[in-house]
Amino acid sequence: MNKIIPFSAVDGPGNRSVVFLQGCNLDCKYCHNPETRAVCIHCGNCVKACQSGALKTEQGKVFYDEEKCIRCDACIRVCPHDSTPKTKVMSPLEVFHLIQKQIPFISGITVSGGECTLYQAFIEELFILCQSAGLTTMIDSNGMFDFSGSGELLKVTDGVMLDIKAFDEKQHIEVTGAENKQILHNAVLLAECGKLYEVRTVVVPGLFDAKETIQRTGKLLKPYLTLKDIRYKIIAYRPMGVRKAYAHYEVPDQKYLKSLELLLREEGFQNIIII
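Everything numeric in this text was worked out from a predicted model, so none of it was measured.

Q: Even after reading the chapter, I still don't get the overall build of the protein chain, so can you show me in this structure?
A: Check the secondary structure of the protein chain and you find nine helices and 10 strands. Taken against the 2.2 N^0.38 rule, which gives 19 Å for 275 residues, the C-alpha radius of gyration of the protein chain at 19 Å falls within 12% of a compact globule. Projected onto the principal axes, the alpha-carbon positions of the protein chain cover approximately 60 × 45 × 30 Å. Across the 275 residues in the protein chain, those meeting the buried criterion constitute 50%.

So, in structure tokens, the structure goes:
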């Protein structure tokens with residue numbers, strides 16, 4: 001596990017606790033949290049960079065002392081593997097016990113990443129515990145997971161927030177290093193069964209055709225808007241946190257983002273957020 005945010009108003013409906021799991025199966029050039037992409041291999045580079053003594057190496061493994069950490073992120077900046085030493089191995093029950101403390105103030109839990117669906121069994125067990133406590137359950141996913149073969153997971157999931165990185169397959173490979181057939185299949189599958197809560201596209205001028213992506217995604221999902229409302233979040237690329245090699249792209253202006261919103265409205269989308 002990477003971290004838990006006790007309270008969030010932007011990761012699903014209402015006020016939620018958000019659990020971030022470590023590791024991802026895509027290589028998005030614009031990734032704003034690249035330190036969540038890989039699992040620590042205990043190379044030790046971060047130990048040398050740590051000025052507070054929060055990191056140490058024992059028997060070939062890096063250990064993290066949260067109480068000594070000053071949150072300077074020097075360890076993350078020097079990691080050559082897009083990882084972080086500040087992760088924990090926790091069981092679903094241990095995570096639930098932490099979330100329980102927030103229950104009077106939250107309506108649900110969202111599991112994110114990295115890519116959280118790499119840990120399907122963990123999510124299922126955690127969601128069962130959360131639903132038994134009256135919490136709603138949401139998945140934040142890049143869609144590189146076969147939801148059609150995971151009926152048990154969907155049973156305990158109230159909604160999925162799905163990334164559509166690029167609609168055109170060649171552009172998607174350019175952006176993420178992977179094809180997008182599974183992702184588009186999931187978009188339809190989840191919409192059909194009423195589990196698609198939100199679609200998100202990060203707009204990166206010069207990297208891929210965001211207009212085509214949003215327009216074609218809107219057309220793909222238009223038939224399902226009568227079954228259940230689907231929110232579309234248009235997210236402006238920002239260079240903060242992005243790897244240096246990909247931090248040169250322009251930040252899209254509001255006029256362009258508004259033009260993308262109009263394309264979605266023409267397809268029948270009403271619940272659109274620009275951030």
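We are not done yet, so read on.
Q: Help me understand the pattern of salt bridges, please; the structure alone is not making it clear to me.
A: Two side chains carrying opposite charge are able to pair once their charged atoms lie near each other. Scanning all chains against the criterion turns up 23 salt bridges. Here Lys165 makes a salt bridge to Asp163, at a shortest N to O gap of 3.3 Å. Classification of Lys165 by relative accessible area gives buried; the value is 9%. With a relative accessible area of 14%, Asp163 lands in the buried category. It is possible to trace a salt-bridge network through shared partners that takes in Asp140, Asp163, Lys165, Glu198, Arg200, Arg231 and Lys233.

Q: Hey, could you run me through the sheet that holds strand β9 (residues 231-236) in this one?
A: What links the strands of a sheet is backbone hydrogen bonding, and the strands pair in either a parallel or an antiparallel sense. Reading across the sheet, the eight strands line up as β1-β2-β5-β6-β7-β8-β9-β10 and stay open at both edges, with mixed pairing between neighbours. On the outer flanks of this sheet lie β1 (3-8) and β10 (272-274), each paired with one strand and no other. Averaged over all neighbouring strand pairs, the angle between strand axes comes to 20 degrees, with direction disregarded. Where strand β5 (residues 108-112) and strand β6 (residues 136-141) come together, four bridges link them in parallel fashion. In the sheet register, Val111 faces β6, and the bridge partner there is Ile139.

Q: Would you take a moment to explain the nonpolar core for this structure?
A: It is characteristic of soluble globular proteins that their nonpolar side chains tend to be buried jointly. Counting residues in hydrophobic clusters, the biggest one holds 62 residues, and the most contacted among them are Leu126, Leu221 and Ile234. Cys46, Ala54, Leu55 and Cys69 belong to the second-largest nonpolar core, a separate cluster that totals eight residues.

Q: Before we go on, may I ask you to explain the state of the cysteines in this structure?
A: Disulfide: a covalent bond connecting the sulfur atoms of a pair of cysteines. For the structure shown, the criterion picks out zero disulfides. Cys24 supplies the cysteine sulfur nearest to Cys28, a cysteine that is in no disulfide, at a spacing of 6.2 Å. The class for Cys28 is buried, based on a relative accessible area of 8%.

Q: Even after reading the chapter, I still don't get the packing of helix α3 (residues 92-100) against helix α4 (residues 120-132), so can you show me in this structure?
A: Geometry of a packed helix pair, given as the angle between the helix axes and the separation of the axes. Contact geometry of α3 with α4 gives a least axis separation of 9 Å together with a crossing angle of 40 degrees. Comparing the axis directions of α3 and α4 gives the class oblique. At the point where α3 passes α4, the crossing takes the right-handed sense. Two secondary-structure elements touch here, α3 through Pro92, Leu93, Val95, Phe96 and Ile99 and α4 through Phe122, Glu125, Leu126, Leu129 and Cys130. For the contact of α3 with α4, the residue count by class is nine nonpolar, no polar and one charged.

Conventions and cut-offs
Residues numbered from 1 in each chain as written. Predicted model: local features only at pLDDT ≥ 70, side-chain atom pairs only at ≥ 80, totals over all residues. Heavy atoms only, no water. Helix = DSSP H or I, 4+ residues; strand = E, 2+ residues; numbered from the N terminus. Rg over C-alpha atoms; globule rule 2.2 N^0.38 Å. Buried < 20%, exposed > 50% of the residue type's maximum accessible area, 1.4 Å probe, protein only. Salt bridge = Lys/Arg side-chain N within 4 Å of Asp/Glu carboxyl O. Pairing = 2+ DSSP bridges. Axes fitted to C-alpha atoms, helices over the stretch in contact; angles between N-to-C directions. Core = buried A, V, L, I, M, F, W, Y, C linked by side-chain atoms within 4.5 Å. Disulfide = S-S within 2.5 Å. Parallel < 35°, antiparallel > 145°, perpendicular 65-115°, else oblique. Left-handed = near helix turned anticlockwise from the far one by under 90°. Contact = heavy atoms within 4.5 Å. Nonpolar A, V, L, I, M, F, W, Y, C, P; charged D, E, K, R; others polar.

Function cannot be read off these values alone, since they describe shape.
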